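# Understanding the architecture of this molecule
Each chain, letter by letter, is given below.
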Amino acid sequence: RAVAMSVSHSSRLNKLVREQYMRLPQDGRVQVTYVWIDGSGEGVRCKSRTLDKEPKSIEDVPEWNFDGSSTAQAEGSNSDMFLVPVCMFRDPFCLDPNKLVLCEVLKYNRKPAETNLRHTCKKVMDLVRDSHPWFGMEQEYTLLGINGHPYGWPDNGFPGPQGPYYCGVGADKVYGRDIVESHYKACLYAGVKICGTNAEVMPSQWEFQVGPCEGIEMGDHLWMARFILHRVCEDFGVVATLDPKPMTGNWNGAGCHTNYSTEEMRREGGLKHIEAAIEKLSKRHDYHICVYDPRGGRDNSRRLTGHHETSNIFEFSAGVANRGASIRIPRQVGQDGCGYFEDRRPAANCDPYAVTEAIMRTTVLNETGVETKDYADH
């Protein structure tokens, strides 16, 4: 009964009845679901429309609009916002030929909304295209019941201490694997570049990885993977939170570790380019902390304590195979002399556009200090 009470009412609707309708033919018409980032910079919103035929590319999907006053992105007196399609995926919920379309948000004057961080990220990625930056991001998240309590935890108390849960197997060690496996399959169907998943250190905490993705593709695919996660959780009646420290005390927080390389880092002898990039990052730690969560570092300050496999938010550090460092060089990379490195500082609720843009500004465009350059006129 306690488990039943922790899921939403809508999840108890008869899914077999829904399947009856989902099998009906569409007579050549297509349902397109537009997905965008709202005014919080963390939440995603969506709405759907019908197109007369299946779009074959993103150019076939028309612009649309929405009420920005209802998403904390505009005032009611001037509320229309533009949805500009940028990346299209197959729809794992309504199935082929229906589509999910990720959109940028523009204001009434066609300027990017405040939480549209893709706009400048795309400019930067275009500038550094010749370096062929690859990213892989490890999205940690925590499953909660509809009551806000970690899913599967005792109603009045805590599970046993951390230890048996990471990559665990068994009903007493992992909670919610059905959700994780459904999300994985849905991402594969959609065309999201999901590349793995595992149970994390805190019970009810999980991780999926997206990548390798080049340039702007990283943010596009991670945001769509997040949307699919929230949508899958909706079907199961639970909540996925990206809060960087959902439980206070002796529990691991949630990050979004970012693996990164350029073409010269991946070549033989690339370790010297990796070390040069880390040196640049070491001199710009404050800037990166500010953009690695939506609140200028305040969220990460709850997580980056120097404990629970994190570095201290006030100090920059790097090391081979060191999960307590800001930057980790994998042991295999140290042995091979080339490859990639992992920035362990981004919070679980970071904007991947902001993270990848910041890394490129510092390591390839050689920016310094806390200010960023505007390349719009170049």
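I will try to describe carefully the structure that is included in this document. (Residues numbered from 1 in each chain as written. Predicted model: local features only at pLDDT ≥ 70, side-chain atom pairs only at ≥ 80, totals over all residues. Heavy atoms only, no water.)

Time to look at the state of the cysteines. With the rule as written, the count across this model stands at zero disulfides. Left without a disulfide partner, cysteine 87 is nearest to the cysteine sulfur of cysteine 213, which lies 9.4 Å away. (Disulfide = S-S within 2.5 Å.)

So, on to the environment of tryptophan 36. On the secondary structure map, tryptophan 36 appears in strand β1 (residues 30-37). Taking the relative accessible area as the measure of exposure, tryptophan 36 reaches 4% and is therefore buried. Along the backbone, tryptophan 36 and isoleucine 146 are 110 residues apart, and their C-alpha atoms lie at a distance of 23 Å. The contacts of tryptophan 36, once residues within four sequence positions are left out, are Gly43, Val44, Arg45, Cys46, Lys47, Phe66, Thr71, Gln73, Leu83, Cys103 and Val105. (Helix = DSSP H or I, 4+ residues; strand = E, 2+ residues; numbered from the N terminus. Buried < 20%, exposed > 50% of the residue type's maximum accessible area, 1.4 Å probe, protein only. Contact = heavy atoms within 4.5 Å.)

A few words on the nonpolar core. The biggest cluster of nonpolar side chains holds 70 residues, and the ones touching the most others in it are Tyr141, Leu143, Val192, Phe208, Met224, Ile228 and Phe341. If one sorts the elements of this core by residue count, helix α5 (residues 217-236) sits on top with ten residues. For this core, the two domains that each supply at least three residues are domain 1 (14-115) and domain 2 (125-364). Residues within four places of phenylalanine 341 in sequence aside, it is in contact with Thr258, Asn259, Tyr260, Met265, Ile274, Ala277, Ile278, Leu281, Ile327, Arg328, Ile329 and Pro330. Of all hydrophobic cores here, the second largest spans 15 residues; its members include Leu51, Ile58, Trp64 and Val101. (Core = buried A, V, L, I, M, F, W, Y, C linked by side-chain atoms within 4.5 Å. Domains from an automatic or database assignment.)

Our next topic: a nonpolar patch on the surface. Taken together, the side chains of Val17, Tyr21 and Leu24 make up a nonpolar region of the molecular surface, amounting to roughly 310 Å² of accessible area. For leucine 24, the position within the fold is in the loop between α2 (15-22) and β1. (Patch = residues over 30% accessible without salt bridge, like charges linked within 9 Å, V, L, I, M, F, W, Y side chains within 5 Å. Areas by Shrake-Rupley, 256 points an atom, 1.4 Å probe, with all protein chains shown as cover. Salt bridge = Lys/Arg side-chain N within 4 Å of Asp/Glu carboxyl O.)

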